[in-house]
Amino acid sequence: MMPKDATLSPPHWKAFADRRRDPATKREAVLKTAAQLFLEKSYTRASMNDVAERLRITKPALYHYFRNKEEILLECYRLGTGLIEGILNDIASRCGTGLEKVEAFIYSYANVMTVSFGRCLMRLDDGDLSPDALGEVRSYKRKIDRRLRSFIQEGIADGSITPCDAKIAAFSIAGAMNWICHWYEPAGALSADEIASQFARTLTQGLVRNDRAAVVGDPKRGEDHGNR
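Residues numbered from 1 in each chain as written. Predicted model: local features only at pLDDT ≥ 70, side-chain atom pairs only at ≥ 80, totals over all residues. Heavy atoms only, no water.

Caption draft 1: Spatial organisation of the overall build of the chain. When helices and strands are tallied, the chain shows 11 helices and 0 strands. Going residue by residue from the N terminus, the α and β elements of the chain occur as α-α-α-α-α-α-α-α-α-α-α. Looking at the chain as a whole, 45% of its 228 residues qualify as buried. For the chain, the share of sequence-separated contacts (at least 6 apart) that also reach a separation of at least 24 residues comes to 64%. If you sum the accessible surface of the chain, you get close to 11700 Å²; carbon and sulfur atoms cover 50% of it. (Helix = DSSP H or I, 4+ residues; strand = E, 2+ residues; numbered from the N terminus. Buried < 20%, exposed > 50% of the residue type's maximum accessible area, 1.4 Å probe, protein only. Contact = heavy atoms within 4.5 Å. Areas by Shrake-Rupley, 256 points an atom, 1.4 Å probe, with all protein chains shown as cover.)

Caption draft 2: Quick look at the environment of F66. Within the secondary structure, F66 sits in the loop between α4 (59–62) and α5 (69–94). The exposure class assigned to F66 is buried, which follows from its relative accessible area of 1%. Setting aside its immediate chain neighbours within four residues, F66 contacts R27, V30, L31, M48, E71, I72 and E75.

Caption draft 3: Highlighting the packing of α5 against helix α7 (residues 116–123). Close contact between α5 and α7 brings their axes to 8 Å; oriented N to C, the two are set at 110 degrees. Classed by the angle they form, the pair α5 and α7 counts as roughly perpendicular. Residues C76, Y77, L79, G80, T81 and I84 of α5 form the contact with α7, whose own contacting residues are F117, G118, C120 and L121. Classifying every residue of the contact of α5 with α7 gives 7 nonpolar, 3 polar and no charged. (Axes fitted to C-alpha atoms, helices over the stretch in contact; angles between N-to-C directions. Parallel < 35°, antiparallel > 145°, perpendicular 65-115°, else oblique. Nonpolar A, V, L, I, M, F, W, Y, C, P; charged D, E, K, R; others polar.)

Caption draft 4: Representation of the nonpolar core within the structure. Counting 66 residues, the largest nonpolar core has F38, I72, I84, V102, F105, I152 and I173 as its most contacted members. Setting aside chain neighbours within four positions, we find I173 in contact with V102, I106, L148, I152, L203 and L207. (Core = buried A, V, L, I, M, F, W, Y, C linked by side-chain atoms within 4.5 Å.)

Caption draft 5: Expanded view of helix α3 (residues 48–55). Those residues of α3 that fall on the buried side of the exposure criterion are M48, D50, V51, A52 and L55. Following α3 by one or two positions, R56 adopts a phi angle in the positive range, close to 60 degrees.

Caption draft 6: Fine view of the pattern of salt bridges. This model, assessed by the stated rule, comprises 12 salt bridges. For E71, the salt bridge is made with R67, and the minimal N-O distance between the two is 2.7 Å. Residue class for R67 comes out exposed when judged on its relative accessible area of 65%. Note that R149 is salt-bridged to D145, the shortest N-O span being 2.7 Å. On the criterion of helical spacing, the pair formed by R149 and D145 is a turn pair, its members being 4 residues apart in helix α8 (residues 131–158). By relative accessible area, which is 17% here, D145 ends up buried. (Salt bridge = Lys/Arg side-chain N within 4 Å of Asp/Glu carboxyl O.)

Written out as structure tokens, the structure is:
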């Protein structure tokens, strides 16, 4: 199940209103609040004061959970890539052909691009990070790219995907999906699930071998329903 967008959850300051709440819950509230502010204002314009004010806590209390703003940003990146890595592992273990894996990945990745940590992953400028943190984040992104390429190469090998340059195909798919986080609106005409389903159908059509073009599976259920 895809995580709900933080904007649909109860106000995060409530985690601090109850002194009995555990530190992990409060730390999560800090991360979700900061992610929202980074998306609203940008990382450079959002401050630790902004985060503390929205959580209705003091700035010293905020530093109990994170030493600085970069530490929060890096953890947001880790959470976003963690969502995607979990999806990739699940797809690799349960899906069949390479084409089915690519389609399932597009559907799930598109959903991640509609939640706060996923949106942070692509909308925020990783150039704001220190060299060590930047290296860590970019290694995560390279890992995701390599896994997508491996699914495409697997599809070429098993005959479900037409022969193509796997690197270019992966860049094209990722480029299209990464823009979702820029234009997606939770209150828009299409739900996150509808957007993800349409992206999965559209982006896989160009990969299907001509003799299989009428057979593209359902990314949510892995079943074959033919033309839609």
